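A closer look at the structure
Residues per chain, in single letters:
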Amino acid sequence: MKIEDVIKSGKMTLYKKVVMNVMYTNSIVAENVNEAMKGYDLSPEQFNVLRILRGQKGKPANMCVIQERMIAKTSNTTRLVDKLLLKGLVSREVCADNRRKMEISITQKGLDLLEELDPVVEENEMKFAKNLTPEELEQLNILLEKYRTL
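Note that the structure is a prediction, hence the values are computed from the model and not measured.

Concerning the overall build of the chain
- Scanning the chain from terminus to terminus reveals 7 helices and 2 strands.
- Going from N to C terminus, the chain has its helices and strands arranged as α-α-α-α-α-β-β-α-α.
- Over its C-alpha trace the chain gives a radius of gyration of 19 Å, far above what one expects of a compact globule, namely 15 Å for 150 residues.
- Dimensions along the principal axes, computed over C-alpha positions, put the chain at roughly 60 × 35 × 30 Å.
- When the 150 residues of the chain are sorted by exposure, 25% land in the buried category.

Some details on the pattern of salt bridges
- Tallying each qualifying case throughout the model produces 4 salt bridges.
- Residue K38 is joined to E35 by a salt bridge in which the shortest nitrogen-to-oxygen separation is 3.3 Å. Of this pair, K38 and E35 are both found in helix α2 (residues 14-38), 3 residues apart, which corresponds to roughly one turn of the helix.
- With a closest N to O distance of 2.6 Å, D82 and R92 form a salt bridge. Of the two residues, D82 sits in helix α5 (residues 77-86) while R92 sits in strand β1 (residues 90-94), which places them 10 residues apart along the sequence.
- What makes D82 partly exposed here is its relative accessible area of 29%.

A look at the side chain of T77
- By secondary structure assignment, the location of T77 is in helix α5.
- Once residues lying within four places of it in the same chain are set aside, the contact partners of T77 are M63, I66 and Q67.

Quick word on the nonpolar core
- Core analysis: the biggest nonpolar cluster contains 22 residues, and L42, V49, L50, L53 and I66 have the highest contact counts within it.
- The set of elements that each furnish at least two residues to this core consists of α3 (44-54), α4 (63-69), α5, β2 (102-106) and α6 (108-129).
- Broken down by element, the residue count for this core peaks at 5 residues, all from α3.
- Contact partners of L50, with chain neighbours within four places excluded, come to L42, L84, L89, V90, I106, L113 and L114.

Re a nonpolar patch on the surface
- A cluster of nonpolar side chains, namely L14, V18, V19, V22, M23, L132, L140, L144 and Y147, defines an oily patch on the protein surface of about 730 Å² accessible area.
- Where the nonpolar patch is concerned, the elements lending two or more residues are α2 and α7 (134-147).
- As for its position among the elements, L14 is in helix α2.
- Judged by its relative accessible area of 61%, L14 is exposed.

About the thresholds
- Residues numbered from 1 in each chain as written.
- Predicted model: local features only at pLDDT ≥ 70, side-chain atom pairs only at ≥ 80, totals over all residues.
- Heavy atoms only, no water.
- Helix = DSSP H or I, 4+ residues; strand = E, 2+ residues; numbered from the N terminus.
- Rg over C-alpha atoms; globule rule 2.2 N^0.38 Å.
- Buried < 20%, exposed > 50% of the residue type's maximum accessible area, 1.4 Å probe, protein only.
- Salt bridge = Lys/Arg side-chain N within 4 Å of Asp/Glu carboxyl O.
- Contact = heavy atoms within 4.5 Å.
- Core = buried A, V, L, I, M, F, W, Y, C linked by side-chain atoms within 4.5 Å.
- Patch = residues over 30% accessible without salt bridge, like charges linked within 9 Å, V, L, I, M, F, W, Y side chains within 5 Å.
- Areas by Shrake-Rupley, 256 points an atom, 1.4 Å probe, with all protein chains shown as cover.

Structure representation (structure tokens):
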């Protein structure tokens, strides 16, 4: 469906049309991700933190590392980690070298949850990807990376 039909708008500049398309697509993808996470009592941002920590391969990460790798840079990382801590999905310890820093690690419970979620997330991602060929997906990635470079 064309973006003009979705937002019931008349003529738009090409630039505005692209921005509206990107924003609308983001909204649809986010809704689907939220729906996939709902049954696991996990927000997409919390899921992102867990994936970042799993990527550390057993090494702890401090809040700065987590924040710089977050997809949504506006997320309150401390609050996200606190919620994951309450769920037993991460652990937090004072850094031995710098007592002002906290080191965050994923727990086995967190790893187990990600292992359970991986196929759910992949199925959700494939739902969108099925409409495009591998070549189109590659081109879309190239174009999106180029588009967001200011």
